[in-house]
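Architecture and fold: a report
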Amino acid sequence: MADTNAKLTVNGEEYELPIIEGTLGRPVIDVAALQESGFWSYDPGFKVTAPVESKITYIDGGKGELLHRGYPIDELANHAEYLEVAYALLNGELPNAEQKADFFEKIREHTAVHDQLRKFFEGFRRDAHPMAIMVGVVGALSAFYHDNLDLSNEEHREITAIRLIAKMPTLAAMSYKYSQGEPFMYPRNDFSYAENFLYMMFATPADVDYEPNDVVTRAMDKIFTLHADHEQNASTSTVRLAGSTGANPYACIAAGIAALWGPSHGGANEAVLEMLDEIGTVENVPAFMEKVKSREVKLMGFGHRVYKNFDPRAKVMKETCDEVLEALGVNDPKLELAMALEKIALEDPFFIERNLYPNVDFYSGIILKAIGIPTSMFTVIFALARTSGWISHLLEMHSAPYKIGRPRQLYTGETRRDFVKVEDRK
Ligand code: CMC
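Every value quoted in this text rests on a predicted model; they were computed, and no experiment measured them.

Here helix α11 (residues 249-260) is 12 residues long and its end C-alpha atoms lie 17 Å apart, about the 16 Å a rise of 1.5 Å per residue gives. Capping the start of α11 is the job of one residue whose side-chain oxygen sits 2.8 Å from the backbone nitrogen of Y250: N248.

Now for the UniProt feature "active site" (unreviewed entry) in the protein chain. Under the UniProt annotation, the feature "active site" (unreviewed entry) is placed at H304 and D361. A maximum C-alpha distance of 10.5 Å is found for the annotated residues, which run over 58 residues; spatially they form one tight group. When the annotated set is filtered for residues lining the largest cavity, what remains is H304. Relative to the helices and strands, H304 resides in the loop between α13 (285-293) and α14 (312-328). You can call H304 partly exposed: its relative accessible area is 22%. Beyond its immediate chain neighbours, meaning those up to four positions away, H304 contacts H230 and R313. Among the secondary structure elements, D361 is positioned in helix α17 (residues 360-371). Note on D361: relative accessible area 4%, which makes it buried.

On to the site of the ligand, then. Looking at the ligand, there are 23 residues lining it, with H265, R295, L299, F302 and R354 nearest. One nitrogen or oxygen atom from the main chain of F302 is found 2.9 Å from a nitrogen atom belonging to the ligand. Between the ligand and the protein, one listed contact pairs an oxygen atom with a side-chain N or O atom of R305 at 2.9 Å. When the ligand sits alone it has 940 Å² of accessible area, and the protein chains cover 78% of it. Within the shell around the ligand, the residues separate by chemical class into 8 nonpolar, 7 polar and 8 charged.

Counted according to the given criterion, the structure contains 21 salt bridges. One salt bridge in this structure joins K106 and E158, with 3.0 Å as the shortest N-O distance. Taken together, the residues K106 in helix α4 (residues 97-109) and E158 in helix α7 (residues 154-180) connect sequence positions 52 residues apart. Residues R313 and D311 are paired through a salt bridge, measuring 3.0 Å at the closest nitrogen-oxygen approach. For D311, a relative accessible area of 3% corresponds to the buried category. Linked through salt bridges whose partners overlap, the residues forming this network are E81, E84 and K100.

Right, let's get into the pairing of strand β4 (residues 57-60). Burial of β4 is two-sided: the residues T57 and I59 facing one way and the residues Y58 and D60 facing the other way are all buried. Two successive antiparallel strands, β4 and strand β5 (residues 65-68), enclose a turn made up of 4 residues, where G64 displays a positive phi of approximately 70 degrees.

Bringing the sheet that holds β5 into the picture now. Read across the open sheet, the 3 strands follow the order β4-β5-β6; overall the sheet is antiparallel. Two strands in the sheet have a free side with no partner beyond their single neighbour: β4 and β6 (71-72).

Conventions adopted
Residues numbered from 1 in each chain as written. Predicted model: local features only at pLDDT ≥ 70, side-chain atom pairs only at ≥ 80, totals over all residues. Heavy atoms only, no water. Helix = DSSP H or I, 4+ residues; strand = E, 2+ residues; numbered from the N terminus. Expected span 1.5 Å × (residues − 1). Polar contact = N/O pair within 3.5 Å; in protein donor to acceptor, adjacent residues only side chain to side chain. UniProt positions renumbered as here; feature names shortened; annotations may be inferred. 1 Å grid on protein atoms, 1.4 Å probe; cavity = no way out; pocket = protein on both sides within 12 Å on 5 of 7 lines; lining within 4 Å. Buried < 20%, exposed > 50% of the residue type's maximum accessible area, 1.4 Å probe, protein only. Contact = heavy atoms within 4.5 Å. Near = heavy atom within 4 Å. Areas by Shrake-Rupley, 256 points an atom, 1.4 Å probe, with all protein chains shown as cover. Nonpolar A, V, L, I, M, F, W, Y, C, P; charged D, E, K, R; others polar. Salt bridge = Lys/Arg side-chain N within 4 Å of Asp/Glu carboxyl O. Pairing = 2+ DSSP bridges.

Okay, here's the thing in structure tokens:
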């Protein structure tokens, strides 16, 4: 709904640009009228661009607020299970008892992957990064599901979301097992979503009685919830962009996994641990901080494009981190180093002036390490959790008319010139 108009004057022409109010947050200026003006808008990094309208997630970076379908993230993480949050992301409301039972049952029915999919794993070198495997095998799901792909059809939408959410823990655990040279473990449908993932990760055929610890299971479930969705971040925007061409939804999720992999995004949790390895001991922190201040390196797990106060996910994650470390009695010098680094950074004017606070990935890396999850799996776990957000955004896009995403550019290359034959080129 256009409430009022902004006016833009270029080359003496005035254009009326409608201002549109959402239910929360900054209004937007609809710049479609620029089409007639002979100009494009220019916004590298999409810092002030809202390419979509969405009802799923709201972030107020200044207040440090994150709402999924209106519910604050801390309440969801502390009181709901991940699959309930996934249901809410997909359907707009938290499930009632009957809907919850039905949804959980449907997820359980789809945890197994086609046996032929195992062959894809064998194509990877044994030391392949699990994220490389995930990009491949999730993309490969598109070769298994040719039916039920009309995402404007309610049944097709549901089965696609359920297949993806149900199979991600299985594929994630398989990518780990493969890298360890251990046999794949079949899912156990008597376990909860988080328990099942831990079981498939840590049980072996020689120890099928593996029972996930309660504190660890709850922490894992919270990690899933805290990573479930985050508005129009780089990977979600990638999923939407890929989906806007009408591409197979499983391939679109693989595109999201690729975008998530980078250290500026989901790869940060792995990068935090690599950074701690590089620093080594607490005595080396001041020298490392000097490198950060001279822009030689970034302090991984700190800062966020949207949160300029604190990351509300990090707050819950820190509490969970304390619980897990205490419950497991972990005494790892790497974790002590992380805590020392956090304290020093929080008191340093460089970080205070730039509003740089620990983000979700700073603490999630520490928890995952304490649980015994190898560093290379950290981003895979992020991808597993973010799948519910990605598919919710893809389905939201497909529930209304949408356009192919096709940005323009500011061209600064060569101007038109004549072709030169190879023998005449300098
Ligand atoms: N360490 C040191 N300096 C930093 C950091 C950092 N982690 N992050 C930002 N800065 C500085 C940056 O150098 C700049 O300083 P100046 O203006 O003096 O040049 C200022 O802070 C503003 O930074 P920016 O690059 O404009 O911020 P951005 O919004 O483009 O980047 C970010 C956001 C997340 C990419 C960045 O903070 C970063 O690279 N952090 C480390 C990686 C990380 O932890 N990523 C996970 C994000 S949370 C998980 C997720 O949602 O994906």
